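# Fold and contact review
Spelled out, the chains give:
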Amino acid sequence: ANAKAKALLEERRRRIAQFSSEQEVTGRKHYLRERMLSALGGFPERTPLNPRVTGTLEREDFRVEKVVFESQPGFYVTANLYLPRSGKPPYPAILFPLGHEEGAKANEIWQRILITFARRGFVALAWDTLGQGERIQIFDADFKTSKVVRSTTEHTILGAQCLLVGDALARYTIWDGIRALDYLLTRPEVDPQRVGCTGNSGGGTHTAYLAALDDRIQVAAPSCYLTTWGRLLDTIGPQDAEQCIPPSILDGLDHADFVHAFAPKPYLILSAIRDFFSITGARKTYGEAQRVYALFGARGKLAMVEADDGHGYSEPRRRASYLWFSRWLQGAEDSRPEGDVPVAAEEELWATPTGQVATSFSGETVTSLNQKRAQNLRRSGKPSVEEIRRLIGYREPQAPAPVRFFGRLDRESFAIEKLIYESEPGIQVPALLYVPEKPKGRRPAVIVVHGRGKVAAHEKAAELAGAGSVVLTIDARGMGETRYTPEEYGSDWPRYFGNYESAMTLLLAGETLVGGRALDIVKGVGLLASRGEVDPARIAAAGIGAGCVPLLHAAALDQRIASVTLEGMLVSFESVVAHRIHRGIFEDVIPGVLKMYDLPDLVTVIAPRPVRLVNAVDPLGLRIKKGSA
């Protein structure tokens, strides 16, 4: 997955290096916006905000208003607006998207920054992003918190649902930010010609997004986010769903494009030398952006500040931010120290009566909005083979799979050959071939794809081989010996998303793990068909667990698979959108699939070849009881 993505990124680098005019950069800005909007699934309609101030905190030198508005009808956003008490309006304004730190808009560091801006004559607005503060999307009424604990886990559960209908989760988070700016500009205290945007981590992500997409922002300073996709792939991998907008790498987009889209307006890159977002990547992005700003004759409007510390909006970056925004939005650098700040308790900053929109209002969630999006789709029903290939990023195999053998195990009625075959350049598929002893003529054959790998399929394979079939069990990419789940995601991540890094990297590169695994299976079928012991007209296939969805696609694409048995397969993609929570689904995500087909539709493509479904499961992996589907 990484090799494919990096080849695309290198192609992009060469293209950007040839830029020699302002016009080319302007064209790039339009390209980024068009590609992002397409990948996001378009923005919702701009509907009335219906804002209301639900309370006020009065302080000596600033005021905080607690605000609720609707970024979409019934989709409530909770926010805090910090207003100066000194100076003369209209004031410059700061849009402050939040990161993933505890406390959401009540986080102590965020309050320190927002209060400091207000004391220096800025109006500043922060709002709770999805899964945080008062806007938990998967709310547990008993524990009074998220059912899945982490906001990034919420993001990626919701992100998988969004992708299935052809959207990205950032469609919702970016639109919240655009509507937050809409609200900010309704305030008479705000000068609409002097608006800046800054945030850290996830807030740095959205600073980059919003600045690139909304011309009303005049000054930007993302903190602890900008690096390069190449360095991300080499280090921590793709982050949660709001920070990944497939297929951006296929579209030739990298972090520097966010800066290019803002040129030549003032842009400050705030970085940490010891951040998990690679400082090497940040420096590369800055270097590329310097060349672009030079084309506009605006070198002085781009800067980078590195602090020798770790992830967070630390004091050195905050100080640089205050200087940057005061220079460009107030006409003079304000270098005063922050001073002491009166930090409010989280409950004091609540904009809702209960501290949760889920319990205060009968409103929408991302899941409910996504379900409405899915209901409005008009699937074609039975897709063509060509449509399936295109959607899963499947490439027809061009040559027989090279095979290497690593030994033989003899059993009472069959032998097991250990082998590896090449599915495509760089992709090796470990496999076990069960060959009945003394075969009489050509035998039927079965390829078995178990979600936990070939070892987990041994009992079934031994039973089939004992009955006289040649059996091939495989570790399709990301299964068995080829599985890789980095520890950085935390203990809950693999449980919900499995091999997320490989799956998301492929989505960003315009491919899918389903398509890659389908190719592994088709190459395995070819291997069986080439064996002298096998009757190529009698090759069956069996999928178990996570092996089912790619096998179903492989059977739709390869007529040599004479029959299919699927045990423990997900009942449908539509069920993932219908459920608030799912587990083990992300590896099977196909962007926009519900615009074209669902899993039951593939059975009609395979017909009249028989397909047998055994113990279908819901999105949590629980067996569906008869009559409950």
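Heads up: these notes are all about the structure in this document.

About the cut-offs
Residues take numbers from 1 onward in each chain, read along the sequence in its written order. It should be noted that, the model being predicted, local features are given only for residues of pLDDT at least 70 and side-chain atom pairs only at 80 or more, the latter also being counted only at that level, while totals for whole chains, interfaces and linings use all residues. Side-chain metrics in this entry use all non-hydrogen atoms of the structure; hydrogen atoms and water are not considered. Every helix listed is a DSSP run of H or I at least four residues long, and every strand listed is a run of E at least two residues long, numbered separately from the N terminus. Residues are treated as being in contact if the distance between any of their heavy atoms lies within 4.5 Å. For this document, the term salt bridge refers to a Lys or Arg side-chain nitrogen within 4 Å of an Asp or Glu carboxyl oxygen. Here is the rule: rings of Phe, Tyr and Trp (six-membered ring for Trp) pair when centre to centre is within 6.5 Å. Planes less than 30 degrees apart are stacked, more than 60 are edge-to-face, and the remainder are tilted. Each residue is assigned to one of three classes by its accessible area relative to the maximum for its type, calculated with a 1.4 Å probe on protein chains only: buried under 20%, partly exposed between the two thresholds, exposed over 50%. By the criterion adopted, a ring carries a charge over it if an Arg CZ or a Lys NZ lies within 6 Å of its centre and within 35 degrees of its normal. In this analysis, strands are considered paired if DSSP registers two or more bridges between them. By the criterion used throughout, a crossover qualifies as right-handed when its path from the first strand across the helix to the second strand runs clockwise, the strands pointing away from the viewer.

Before going further, it helps to examine the environment of valine 385. In this fold, valine 385 is placed in helix α13 (residues 385–392). Taking C-alpha positions, valine 385 is 7.9 Å from valine 605, a pair spaced 220 residues apart along the chain. Other than its neighbours up to four places away in sequence, valine 385 contacts Ala556, Leu557 and Val605.

The subject of this paragraph is the pattern of salt bridges. Tallied over the entire structure, the rule returns 56 salt bridges. Residues arginine 33 and aspartate 215 are paired through a salt bridge, measuring 2.6 Å at the closest nitrogen-oxygen approach. With arginine 33 in helix α2 (residues 22–40) and aspartate 215 in the loop between α6 (202–213) and β9 (219–223), this residue pair connects regions lying 182 residues apart in the sequence.

This part takes up the packing of aromatic side chains. Applying the stated criterion across every chain, the model contains 22 aromatic pairs. Ring geometry for phenylalanine 414 against tyrosine 434: centres 5.7 Å apart, planes inclined by 45°, an arrangement best described as tilted. Highlighted residues: phenylalanine 414 in strand β13 (residues 414–424) and tyrosine 434 in strand β14 (residues 427–436), separated in sequence by 20 residues. A residue is classified by how much of its surface remains accessible, and phenylalanine 414, at 8% relative accessible area, is buried. Overall, the relative accessible area of 0% leaves tyrosine 434 in the buried class. Over the ring of tyrosine 172 we find arginine 171, and its NZ or CZ is 5.5 Å from the ring centre. Against the face of tyrosine 496 rests arginine 495, its NZ or CZ located 5.4 Å from the ring centre.

With 5 of its 5 residues buried, strand β5 (residues 123–127) lies for the most part within the structure. Of the two faces of β5, the one carrying Val123, Leu125 and Trp127 and the one carrying Ala124 and Ala126 are both buried. For strand β3 (residues 75–84) and β5, the ladder comprises 4 bridges, and the chain directions are antiparallel. Pairing of asparagine 80 across the sheet is with alanine 126, part of β5. The sheet contact formed by strand β4 (residues 91–96) and β5 spans 4 bridges and is parallel. Looking at the pairing, isoleucine 94 lines up with alanine 124 of β5. What joins β4 to β5 is helix α3 (residues 108–119), and the crossover it makes is right-handed.

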